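Residue-level listing of the chains:
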Amino acid sequence: NAGVTQTPKFQVLKTGQSMTLQCAQDMNHEYMSWYRQDPGMGLRLIHYSVGAGITDQGEVPNGYNVSRSTTEDFPLRLLSAAPSQTSVYFCASSPGQGWNQPQHFGDGTRLSIL
Amino acid sequence: GENVEQHPSTLSVQEGDSAVIKCTYSDSASNYFPWYKQELGKRPQLIIDIRSNVGEKKDQRIAVTLNKTAKHFSLHITETQPEDSAVYFCAASHPSGSARQLTFGSGTQLTVLP
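Residues numbered from 1 in each chain as written. Chains lettered and ligands numbered in written order. Predicted model: local features only at pLDDT ≥ 70, side-chain atom pairs only at ≥ 80, totals over all residues. Heavy atoms only, no water.

Asker: What should I look at first to understand the interface of chain A and chain B in this one?
Answerer: Interfaces are often sized by the accessible area lost when the parts come together. Contacts between the two partners involve 24 residues from chain A, matched on the other side by 23 residues from chain B. Counting the surface lost from both chain A and chain B, the interface buries some 1,900 Å², and carbon and sulfur atoms represent 51% of this. Taken as a group, Leu43(A), Trp99(A) and Phe105(A) account for 33% of the area that chain A buries against chain B, more than any other trio of residues on that side. Between chain A and chain B we count 1 salt bridge in total. Taken together, the links from chain A to chain B amount to 6 residue pairs in polar contact (both at pLDDT 80 or more). Contributing elements (two or more residues each) for the side of chain A that touches chain B: β4 (31-37), β5 (43-51) and β6 (54-57) of chain A. (Contact = heavy atoms within 4.5 Å. Buried area = accessible area lost by both parts, 1.4 Å probe. Salt bridge = Lys/Arg side-chain N within 4 Å of Asp/Glu carboxyl O. Polar contact = N/O pair within 3.5 Å; in protein donor to acceptor, adjacent residues only side chain to side chain. Helix = DSSP H or I, 4+ residues; strand = E, 2+ residues; numbered from the N terminus.)

Asker: Where do I start with the state of the cysteines in this structure?
Answerer: All names here are of chain A. Scanning the entire structure with this criterion turns up 2 disulfides over all chains. Linked covalently through their sulfurs, Cys 23 and Cys 91 form a disulfide whose S-S length is 1.9 Å. Looking along the S-S bond of the Cys 23-Cys 91 disulfide, the torsion reads about -70°, which is the left-handed sense. With Cys 23 in strand β3 (residues 19-25) and Cys 91 in strand β9 (residues 87-94), this pair connects stretches of sequence that are 68 residues apart. Look at Cys 23 and you get buried, because its relative accessible area is 1%. According to the relative accessible area criterion, Cys 91 is buried, its value standing at 0%. (Disulfide = S-S within 2.5 Å. Buried < 20%, exposed > 50% of the residue type's maximum accessible area, 1.4 Å probe, protein only.)

Asker: How do you make sense of the nonpolar core when you look at a structure like this?
Answerer: In a soluble, globular protein the nonpolar side chains are often hidden away together inside. In this structure, Trp35(B), Phe73(B), Leu75(B) and Leu110(B) are the most contacted members of the largest nonpolar core, which totals 23 residues. Those elements that place two or more of their residues in this core are β2 (10-14), β3 (19-25), β4 (32-38), β5 (45-51), β7 (62-67), β8 (72-77), β9 (86-94) and β11 (108-113) of chain B. In this structure, Leu21(A), Leu78(A), Ala81(A) and Cys91(A) belong to the second largest nonpolar core, which totals 19 residues. (Core = buried A, V, L, I, M, F, W, Y, C linked by side-chain atoms within 4.5 Å.)

Asker: Would you mind going over the pairing of strand β1 (residues 4-7) of chain A with me for this structure?
Answerer: Here is the key point about a regular strand: its side chains alternate between the two faces of the sheet. All names here are of chain A. Residue alternation in β1 divides its side chains into a buried set, Val 4 and Gln 6, and an unburied set, Thr 5 and Thr 7. Pairing analysis gives 4 bridges linking β1 to β3, with the strands arranged antiparallel. When the bridges of β3 are listed, Gln 6 appears paired with Cys 23. (Pairing = 2+ DSSP bridges.)

Asker: Please explain the packing of aromatic side chains as it appears in this structure.
Answerer: For any pair of aromatic rings, the description consists of the separation of the ring centres together with the inter-plane angle of the planes. All names here are of chain A. Tallied over the full model, the rule gives 11 aromatic pairs over all chains. Measuring from centroid to centroid gives 6.2 Å for Phe 90 and Phe 105, while their planes differ by 90°, and the two rings are edge-to-face. In this pair, Phe 90 is assigned in strand β9 and Phe 105 in strand β10 (residues 104-105), connecting sequence segments 15 residues apart. Residue classification places Phe 90 among the buried positions, given a relative accessible area of 0%. (Phe/Tyr/Trp six-rings, centres within 6.5 Å; stacked < 30°, edge-to-face > 60°.)

Asker: Sorry if this is basic, but what is going on with the sheet that holds strand β6 (residues 56-59) of chain B here?
Answerer: Strand pairing in a sheet takes place through backbone hydrogen bonds and is either antiparallel or parallel in direction. Residues and elements named next belong to chain B. On the basis of which strands lie adjacent, the open sheet formed by 5 strands has the order β1-β3-β8-β7-β6 and antiparallel pairing. The open sheet terminates on both sides in strands that have one partner only, identified here as β1 (4-7) and β6. Neighbouring strand axes in the sheet, compared pairwise and without regard to direction, differ in orientation by 15° on average. Two elements, β1 and β3, share 4 bridges in a ladder whose sense is antiparallel. (Axes fitted to C-alpha atoms, helices over the stretch in contact; angles between N-to-C directions.)

Asker: Explain the sheet that holds β1(A) here, please?
Answerer: Residue and element names in this part refer to chain A. Strand order in the open sheet made by the 4 strands is β1-β3-β8-β7, with antiparallel pairing throughout. Each edge of the sheet is formed by a strand with only one pairing partner; in this case those strands are β1 and β7 (64-66). Going from strand to strand, the sheet's axes swing by 20° on average, the running direction of each strand aside. Pairing analysis gives 3 bridges linking β7 to strand β8 (residues 76-78), with the strands arranged antiparallel. Opposite Val 66, over in β8, you have Leu 76 as the bridge partner.

Asker: Even after reading the chapter, I still don't get the pattern of salt bridges, so can you show me in this structure?
Answerer: Two side chains of opposite charge can pair, provided their charged atoms sit close to one another. Enumeration according to the criterion identifies 6 salt bridges over all chains in this entry. Ionic pairing is found between Arg44(A) and Asp38(A), a salt bridge with its closest N-O pair at 2.8 Å. Owing to a relative accessible area of 17%, Arg44(A) belongs among the buried residues under this scheme. Of the residues examined, Asp38(A) reaches a relative accessible area of 11% and is grouped as buried. The partner of Asp49(B) in a salt bridge is Lys57(B), and the shortest N-O contact between them spans 3.0 Å. The buried category is assigned to Asp49(B), whose relative accessible area is 12%. Residue classification places Lys57(B) among the partly exposed positions, given a relative accessible area of 35%.

Next up, the structure:
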């Protein structure tokens, strides 16, 4: 199993551009989530999904959209990039309902907004 | 929502000594408490977790204790080694309503000095 795969690994955007961060898992996990990691602030939940067709907001959802059309994929869309969205983004998956299970993280996407 | 505070933010110990990292949480309904280790530039990885029906859990040199009354839990690493140097994150999770998510602490940078 590849586990959780995130693409791209690095990206530089200009303010106002849009882009999609890809996340795929091959473990048949129901729960998937997106976090952003900023220095000194730990990991903050952006959006999560408990199964295909179901998504919900986390702690910091503004400026981001998600969809879950399949169990495997959970893309994160930045609608209009802002410098405040410069961060490292991690996708994670876990079995069952997810909130009480070990999270399997991807390698992260390092995003810079100029 | 849940709030998790983690202390200290940095910790330096001599090789062979013990290290203790403490976290407090705010929501008494939280019932799952994992710890993640993140090496520089890498993904967070689960090292140990505990559920609210257990007071202590050990795995070789790592242990976690939970005090539900005081709403705090701690990570104990004994006989520290240089490869233990990393950032450690605690988290708390609870199933209430739509808030089925993990809330992370802000992290502790552990440095083990040879």
